[in-house]
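# Structural description and commentary
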Amino acid sequence: MRCVLPRLSAWLLVLPLFLFSAGTFVVPIALMLVRSVQDPEFATAFPQTAVELRRWDGQGLPGRAAMGHFIAELRTARGTERLSFAANRLNADTSGFRSLLLRTTRMLATVEEGDPAEMLARIDPRWAEPATWAAMRRAAGPFTDYFLLAALDLQRADHGALISVPADRAVFVGVFLRTLWVSGLVTLLCLLLGYPLAYLLASLPSKYANPLLILVLIPFWTSVLVRTTAWIVLLQRDGLVNTLLCQIGLIEQPLALIYNRTGVVIAMVHVLLPLMILPLYSVMKGIGRAPMLAAMSLGARPAEAFLRVYLPQSAAGVGAGCLLVFISALGYYVTPELIGGGGDQMISSFIAFFTNRTTNWGMAGALSLILLLATGLLYIAYARLSRGMRLAR
Amino acid sequence: MIIALAKRAIGALALAAGLVAGTASARDLTVVGWGGSSQAAQQKVYYRPFTEQTGIPMLEDSWSGGLGILRARVQAGNPTWDVVQVEADELQIGCDEGLYERLDWAALGGREAFIREAVSDCGVGAVVWSVGLAYDGSRLRDTPASWADFWDLQRFPGKRTLRRGPKYTLEIALMSDGVPASEVYRVLRTPAGVDRAFRRLDQIRNNVVWWTAGAQPGQLLASGEVAMAAAYTSRMFAARRDDNRDFRVVWKGSIYAVDHWVVLRGSPNRDKALRLIQFMTRPEHQSRFPGLSFQGATNLQAARQADPTVATSLPTHPDNLAVAIPLDVDFWVDNIEELTQRFNAWAAR
Amino acid sequence: MRMPLAAADRVLRWGLLALCVAVLGFLILPVLAVIPLSFNAGSFLTYPLAGFSARWYLDFFTSPRWLPALSNSVFIGAFATVIATVLGTAAALGLDRMGGLPRQVLSALFLMPVVVPVVVIGSSLYGLFAALGLTASYIGLILAHALLGAPFVVITVTATLSGFDRGLLRAALSLGATPIEAFRRVTLPLILPGIVSGAIFAFATSFDEIVVTLFLASPQQRTLPLQMFDGVREQISPTITAAATLLFLISMLLVGVVELLRRRTERLRIPGSTVT
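Note that the structure is a prediction, hence the values are computed from the model and not measured. (Residues numbered from 1 in each chain as written. Chains lettered and ligands numbered in written order. Predicted model: local features only at pLDDT ≥ 70, side-chain atom pairs only at ≥ 80, totals over all residues. Heavy atoms only, no water.)

### Quick notes on the confidence of the model for chain B
All names here are of chain B. Condition: The pLDDT value tells you how sure the predictor is about a given residue, anywhere from 0 up to 100. Strands here are runs of E lasting at least two residues and helices are runs of H or I lasting at least four, both read from the DSSP assignment and numbered beginning at the N terminus. Any two residues having at least one pair of non-hydrogen atoms within 4.5 Å are treated as being in contact.
For chain B, per-residue confidence averages 86 on the pLDDT scale, and residues scoring 70 or more make up 92% of the total. Within chain B, the element-level pLDDT minimum falls on helix α1 (residues 2-25), averaging 48, and the maximum on helix α6 (residues 169-176), averaging 96. Predicted confidence for residues 18-25 stays below pLDDT 50, and this span has three contacts to residues more than four positions away or in other chains. Confidence estimates for the predicted assembly give a pTM of 0.84 and an ipTM of 0.84.

So, in structure tokens, the structure goes:
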């Protein structure tokens, strides 16, 4: 009885946050990911047609039954919002589909009855093309790989094979690579700038280290917006940096430091540097000065002692800092959005675009899924590495 | 002590939750515009007089477009916005989707009282605005005369700013490449035409700063960050009057369009919203608007009664209309998705 | 034992020192450089200053945009902090009594909001809340901010609990206290610094939160960071620098409080117990 009671109380204490996390964190993300593979709009407006199209093999044109159902459902859906949603969905696949669908609905009243295929072809020649029906088949749902493929710049051809999206529409792979590249660059710079500072802070006595640590903590606690605003003010064409450099005489024309990659990298390094320094500092504080002193007393030169004794011991801190900075940079939104130019948008910007401006849950979910996968893989890699290092020691 | 504190906190939380839930249903009439000088003019000419005259309190807000935002609000069933000023393509698609309430045209004075583009089932035209070439007269020595000069980096060195997106940007690119105004959309409907527009944009891509909010071009011109802008003409004239800036507009090749007032479906303030729209489209009120906002009126009588001193600064002046092109709403409704995708791909390279 | 330092080593040492000074400057100067601009009498954001004036602060406190934004931030932050602290403390106490796999899995779950990109959280919450009608509402924002702040409370309270001596609790129980009394009079006062610093972390997180707020807030709930975001986009008037300076001062205050609490915790820690 005594042994069970503590366990029960433990579960009860954990329950509120568990439910809260489930409701506001796990469930919404799961929902969004599910939406990235759902394709309900067409099937909602044209249920029977969708069934027929799914049965169709995609060759030539679908049969009379499918077209007959389609015409009947067009008539009942006229003027409803589900028709508009279906039209939007098809328009996202093939430009011009929206007006085609709505026009066809309107003109059905004026065309005389007869063979469905002929009726449709008389309204618009596009109904006699296999590509039109193939687009509807792709949207027939209920599940689809359309969004996931689009997030990787792939699509399905009319006959179902996987092909690349035309080069002038391919954007996401490039953006992912750019996000990885910028995050990697920022992480590397943070490491190069942060490691010496962390080492200095860890080796100074508390009396001197603490005030300096405050200088690191203050930007860490300052709002991202404040820091980004500061950089915009500084990097402008006639901002502080350019003015100073001109006055010293280093440059003649103001440098383009803002609304481009340079500004984004500078600002992101500034924002994320404390995230690198703090874990490094806490690990280095644990190492202390003993190992270096021991190595040097055994005859090693300072540089050698550092490389062969200190650096490996600080690897855990390096790993933690790099992981934190890299993951933060991957999902970063504010700084690239405010300081970047057209070619500097990162993946977060597109997720926001599809959520806010177009409510395209399919694309938002697909892009989020890939971002989450990248984050998850990095985390697992780090866990494996750190476990491996701990075992090796 | 801690327990007492916690109890008090929970009590306050419950009270606040009650307050919030309470105020949600007794919400004031909320009208949403596009911000900046035009919304400031709307406040002076419409919102404050409306509240004074009818005693109905109002809340104001601003947005930068995006049908997705309206969809999310209506979908939940209790939108927190009532009257929204939307662009023409948002009107058309939103109306089909049932996002807006239908309007009673008899109460507004009949469809014949308005310009043709302002009439539709779900919305009434609010303003006529345009996007044109703008520059700071005190900074440029030469005078640009057309979009071709926008591309002339030799004669007019410095950066440019364009709206981030295919709308207007592609039309401007084609016009700069020599396509006559009347042919722009015909060319744009062909794949070769779209390619041509993007190739033209490639020529200045490294010198372009992209704007997303209407106030940005003015900011960029004022700080000298850019030498020329594709900007809302109304904001440029407002900056001349309010900030003493020597901004100038080239009307040739400008693109004009009509924005519409709509009422979001499911709004609890539906009747008040319709009264507000009625107020805002009456000639005696709308006629005061162009003089303050530098945007054209949609009510025919209001346009006739508007302040004559600003007539030449309005998009609706016959001289300006003669050299401008109307935005082709149908084209954009059909192609906005694909061309936005293509634009994003192009800009991201 | 003294070793003669080779010239190269000395150069390296001084070079690294110079680098450290430069990095410290890089960290702190940009934020400090903006502060004087908020006192600029002129309306341009460039040095040299046109004169000293507090007009931008006056503008901040009288403007119909900034003051409601500040009060929104405080209001939402306060409630989000309460929820996050209560849930997080309870969870940390519960986790402390568990072990093994359940503890690891639950810990990972509770800490995940910190690791997952905020854009994804914002987008998914928007999707759910739009269907529930919780977008553009105070409740929705408070819940979202609480979600983002709770992990910090869990972290700090767990850290404090790790230095907590169970023996004290057993002693109290053996002297006849009920479990609840023992908790209230023994455990709670000792872990209070951890709770409070976690609450401060949660408040700071909520106060500075921008991404999720961008998705969920309507103009009525505009918070201070959101107002600054819009302001940066539309018009970088010096009022923004005044707002930035005020935010900065608040951050300094929070840092100070957390630092004081940390020192107090160290003093209370049982010597010999594991240091986190």
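From this point, the discussion proceeds with the structure in view.
### Digging into the packing of helix α5 (residues 81-93) of chain A against helix α8 (residues 130-138) of chain A
Residues and elements named next belong to chain A. As a reminder, the rule being used: For helices, the fitted line uses only the C-alpha atoms of the stretch in contact; every axis is such a line through C-alpha atoms, and the angle between N-to-C directions lies from 0 to 180 degrees. Helix crossings get a hand from a simple test, with the near helix turned counterclockwise from the far one by less than a right angle marking a left-handed crossing and a clockwise turn marking a right-handed one. Amino acid classes used here: Ala, Val, Leu, Ile, Met, Phe, Trp, Tyr, Cys and Pro are nonpolar; Asp, Glu, Lys and Arg are charged; the rest, including Gly, are polar.
Where α5 meets α8, the axes come as close as 10 Å, and the angle between the chain directions of the two elements is 115°. When the axes of α5 and α8 are compared, the crossing they make is right-handed. Between α5 and α8, the residues in contact are Arg89, Leu90 and Asp93 and Ala135, Met136 and Arg138, respectively. For the contact of α5 with α8, the residue count by class is three nonpolar, no polar and three charged.

### Details of the packing of helix α7 (residues 166-174) of chain C against helix α8 (residues 179-208) of chain C
Residues and elements named next belong to chain C. Where we set the bar: Note on terminology: angles under 35 degrees are roughly parallel, angles over 145 are roughly antiparallel, angles of 65 to 115 are roughly perpendicular, and the others are oblique.
The interhelical angle for the contact between α7 and α8, taken along N-to-C directions, is 150°, at an axis separation of 9 Å. Considered as vectors, α7 and α8 are oriented roughly antiparallel to each other. The hand of the α7/α8 crossing is right-handed. Facing Leu168, Leu169, Ala172 and Leu173 of α7, the residues of α8 in contact are Pro179, Ala182, Val186, Thr187 and Leu190. For the contact of α7 with α8, the per-class residue count stands at eight nonpolar, one polar and no charged.

### Overview of helix α11 (residues 270-281) of chain B
An α-helical turn contains 3.6 residues, so any two residues separated by three or four positions project in the same direction. Selection rule: By definition here, a helix of n residues has an expected span of 1.5 Å times n minus one. Only protein chains enter the accessibility calculation, which uses a 1.4 Å probe. A residue is then buried if its area is under 20% of the maximum for its type, exposed if over 50%, and partly exposed in between.
With twelve residues, α11 of chain B extends 17 Å between its outermost C-alpha atoms, agreeing within 8% with the 16 Å of an ideal straight helix rising 1.5 Å per residue. Within α11 of chain B, the full set of buried residues consists of Ala273, Leu276, Ile277, Phe279, Met280 and Thr281 of chain B.

### Focus: a nonpolar patch on the surface
Residue and element names in this part refer to chain A. Going by this rule: Surface patches are drawn from residues lacking salt bridges whose relative accessible area is over 30%; two like charges belong together within 9 Å, two nonpolar side chains (Val, Leu, Ile, Met, Phe, Trp, Tyr) within 5 Å. In these tables, accessible area is a Shrake-Rupley quantity obtained with a 1.4 Å probe, and a residue counts as shielded only by the protein chains included in the view. Every case where a carboxyl oxygen of Asp or Glu lies within 4 Å of a side-chain nitrogen of Lys or Arg is listed as a salt bridge.
A surface patch of nonpolar side chains, about 470 Å² in accessible area, is lined by Leu8, Leu12, Leu15, Phe18 and Leu19. With respect to the helices and strands, Leu8 occurs in helix α1 (residues 4-35). Residue Leu8 is classed as partly exposed on the basis of its relative accessible area, which comes to 48%.

### Describing the nonpolar core
The test is simple: We define the nonpolar core as a collection of buried residues of types Ala, Val, Leu, Ile, Met, Phe, Trp, Tyr and Cys that are connected through side-chain atoms lying within 4.5 Å of one another. All the domain ranges listed were derived from an automatic or database domain assignment.
Of all hydrophobic cores here, the largest spans 150 residues; its most connected members are Val186, Leu197, Met268, Leu272, Val334 and Leu367 of chain A together with Met228 of chain C. Counting residues per element, this core draws most heavily on helix α14 (residues 261-287) of chain A, at 15 residues. For this core, the domains that each give at least three residues are domain 1 (1-34) and domain 3 (172-392) of chain A. Apart from residues no more than four positions distant in its own chain, Met268 of chain A is found in contact with Val182, Val186, Ala329, Tyr332, Thr335, Pro336 and Met346 of chain A. Residues Val127, Phe156, Ala257 and Phe331 of chain B belong to the second largest nonpolar core, which totals 70 residues.

### Regarding the state of the cysteines
Residues and elements named next belong to chain B. To keep things clear, this is the line we draw: The disulfide definition used here is simple: a pair of cysteine sulfur atoms within 2.5 Å.
One pass over the structure, following the stated rule, counts one disulfide over all chains. Across the disulfide, Cys95 is cross-linked to Cys122 (sulfur-sulfur distance 1.8 Å). Its S-S torsion of approximately 60° makes the covalent link between Cys95 and Cys122 right-handed. Taken together, the residues Cys95 in helix α4 (residues 88-96) and Cys122 in the loop between α4 and β4 (124-136) connect sequence positions 27 residues apart.

### A word on empty space enclosed by the protein
Rules: Residues are said to line a cavity or pocket when one of their atoms sits within 4 Å of a point; the points come from a 1 Å grid over protein atoms alone, cavities being sets where a 1.4 Å probe fits but cannot get out and pockets being open sets with protein on both sides within 12 Å along at least five of seven lines. Grid points are joined across faces, edges and corners, and a volume is the space filled by probe spheres set on the points.
Scanning the entire structure with this criterion turns up five cavities of 30 Å³ or more. There is about 210 Å³ of room inside the largest cavity. Lining the largest cavity are 23 residues, and of these Trp34, Ser38, Tyr232, Arg235 and Asp259 of chain B sit closest to its centre. Of all elements in the fold, only α2 (36-54), β4 and α10 (233-243) of chain B reach the threshold of two or more residues within the lining of the largest cavity. Examining the composition of the lining of the largest cavity, we find that three residues originate from one element, α2 of chain B, more than from any other. Class assignment for the residues of the lining of the largest cavity results in eight nonpolar, ten polar and five charged. Looking at the second largest cavity, the residues that line it are Tyr333, Pro336, Glu337, Gly340, Gly341, Gln345, Met346, Ser348 and Ser349 of chain A together with Arg164 of chain B.

### Here we look at the interface of chain A and chain B
Our working definition: By buried area we mean the combined loss of accessible area, with a 1.4 Å probe, across both parts when two parts are placed together. In protein, a polar contact means a hydrogen-donor-capable atom and an acceptor-capable atom, both N or O and within 3.5 Å, with residues adjacent in sequence counting only if both atoms are side-chain atoms; elsewhere, any N or O pair within 3.5 Å suffices.
Counting residues at the interface gives 34 residues for chain A and 34 residues for chain B. Buried area between chain A and chain B, summed over both chains or domains, comes out near 2,900 Å², and the portion from carbon and sulfur atoms is 44%. The three residues of chain A that bury the most area against chain B are Asp168, Arg169 and Arg357 of chain A, which together make up 20% of that side's buried surface. Across the chain A-chain B interface, the total number found is three salt bridges. The salt bridge involving Arg164 of chain B is made with Glu337 of chain A; its shortest N-O contact spans 3.5 Å. Linking chain A to chain B there are eight residue pairs in polar contact (both at pLDDT 80 or more). Among the elements that take part in the side of chain A that touches chain B, α5 of chain A stands out by supplying six residues, more than any other.

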